[in-house]
Structure formats: structure tokens, C-alpha cells
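The residues making up each chain are set out below.
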Amino acid sequence: MTMGPHDFCNIKATVKVASTENGIIFGNIVYDVTGAVSDRNVVVLNDIHIDIMDYIVPASCTDTEFRQMWAEFEWENKVSVNTNVKSLHGYLHHLVSSTNMKCLTPEKALSGECGFMAANLYARSIFGEDALANVSIERDESNPDAGVSGHIRIRAKSQGMALSLGDKINLTQKKAKAESGA
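S.K.: Lay out a nonpolar patch on the surface with the relevant residues and their values.
M.R.: A cluster of nonpolar side chains, namely I29, Y31, V33, V43 and L45, defines an oily patch on the protein surface of about 400 Å² accessible area. Mapped onto the secondary structure, V43 falls in strand β3 (residues 41-44).

Okay, here's the thing in C-alpha cells:
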């Protein structure tokens, strides 16, 4: 495209996202000026951060498929749980809704009140990337002020998916703490 003095031009570009690997779209505009000393001029565009939750949907799989994927996936992100939420079931529900993951552990196995809980979660991106999570949480029943603590292990084929989900979980925990005044 050639432009004259004081001309302007609007350019639209369509960006096709093919993976949730990075969560960032970045780019440059490179242009030449006729008669200029330098060959090329570059304008660095601001990064566009994509929320991974826009691409993740709850999904189902069998226990055998879950265990097989768990063994195959090489990227793991271990997230510590430290929250003021007082209910194990409440925390699990909050986690499932904030990560767009589906709890694969049957409700019957989660029923009852005790000081600990373990559950498996699963989601798939619209690009076919799988994400698994194993939630191991506990609460000191003898201390009424105690919050839920424990760990969440996230596994995925790609490092970006595992890290992005971990970041999302950490962010929701910080929000929950801020809302409770801690």
C-alpha cells in the first residue's frame, strides 16, 4: 500500500487463535518510508492478553481415560490452597465454577462431612487440549476459624495450559481472600 502526505489508512486484521498455549497475542507493524535513511520502521503493538477461561469448557471422561491422560501428560503445576472459605464442598464448588472444569468424582463419594476431600476435575479447550486437576483439600474441624487448605495438581500436555489454569486458581483465591477481608 502506498500513501501520500497527510493520508491515513485503516487496516483490519483477523487473528486466528489455534492454541491456549500462551494466552498472549503480540505483534509489530513494519513499514518503509521512501527516501528515508533506514530501511524499515517498526511500531511495536501492545500485547493482548487472552483469558484462558474463554476457551475452556467442562468435559467428561471415564476413570480409565483420566488415569491414562494423567500418566501421559508431562506438564504439572502444583497450586497451594490457602483460603478463608470454611466449607470443603463450598471451595470445590467455587473452584469448579471459576475454572470451567467438571468434577468427575461422583457426588456420593463427596457426600458426608469430614476434615478432608479429594476430587478429580477435567476440562477441554475448544482446540482439543485436555486439562486435568486433582484436588486434595482439608480443614481443621476442631478450629471453627480454620479455612480450607491443601493442594491442587494440574496436568496438561502443554506447559501453557497447566500454568494458565494455575494462575487462574491463584487469582480466584486472592479475590476470595480480599472479599472476606483477610
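Now that the structure has been shown, we can carry on.
S.K.: Can you lay out the nonpolar core for me, pointing to particular residues and giving the numbers?
M.R.: Counting 27 residues, the largest nonpolar core has Y91, I137, I152, I154 and L165 as its most contacted members. Counting residues per element, the ones that place at least two in this core are β6 (75-82), α2 (88-99), β8 (116-125), β9 (130-138), β10 (149-156) and α4 (159-180). In contact with I154, other than residues within four places in its own chain, are W75, E76, N77, V79, L132, A133, A162, L165, G166 and I169. One finds F66, M69, W70 and Y122 within the second-largest nonpolar core, a separate group that totals nine residues.

S.K.: Talk me through α2; I want residue IDs and the actual numbers.
M.R.: Along its 12 residues, α2 runs 17 Å from first to last C-alpha, staying within 8% of the 16 Å computed at 1.5 Å per residue. Every buried residue of α2 is listed here: L88, Y91, L92, L95, S98 and T99. Looking straight down α2, one finds its buried side chains confined to an arc of 140°; they lie on one side. The backbone nitrogen of H89 lies 3.3 Å from a side-chain oxygen of the residue at the head of α2, namely S87. Positive phi appears at N100, one or two residues downstream of α2, with a value of about 60°.

What counts and how
- Residues numbered from 1 in each chain as written.
- Predicted model: local features only at pLDDT ≥ 70, side-chain atom pairs only at ≥ 80, totals over all residues.
- Heavy atoms only, no water.
- Patch = residues over 30% accessible without salt bridge, like charges linked within 9 Å, V, L, I, M, F, W, Y side chains within 5 Å.
- Areas by Shrake-Rupley, 256 points an atom, 1.4 Å probe, with all protein chains shown as cover.
- Salt bridge = Lys/Arg side-chain N within 4 Å of Asp/Glu carboxyl O.
- Helix = DSSP H or I, 4+ residues; strand = E, 2+ residues; numbered from the N terminus.
- Core = buried A, V, L, I, M, F, W, Y, C linked by side-chain atoms within 4.5 Å.
- Buried < 20%, exposed > 50% of the residue type's maximum accessible area, 1.4 Å probe, protein only.
- Contact = heavy atoms within 4.5 Å.
- Expected span 1.5 Å × (residues − 1).
- Arc of directions from axis to C-beta.
- Polar contact = N/O pair within 3.5 Å; in protein donor to acceptor, adjacent residues only side chain to side chain.

All quantities given are derived from atomic positions and should not be read as evidence of function.
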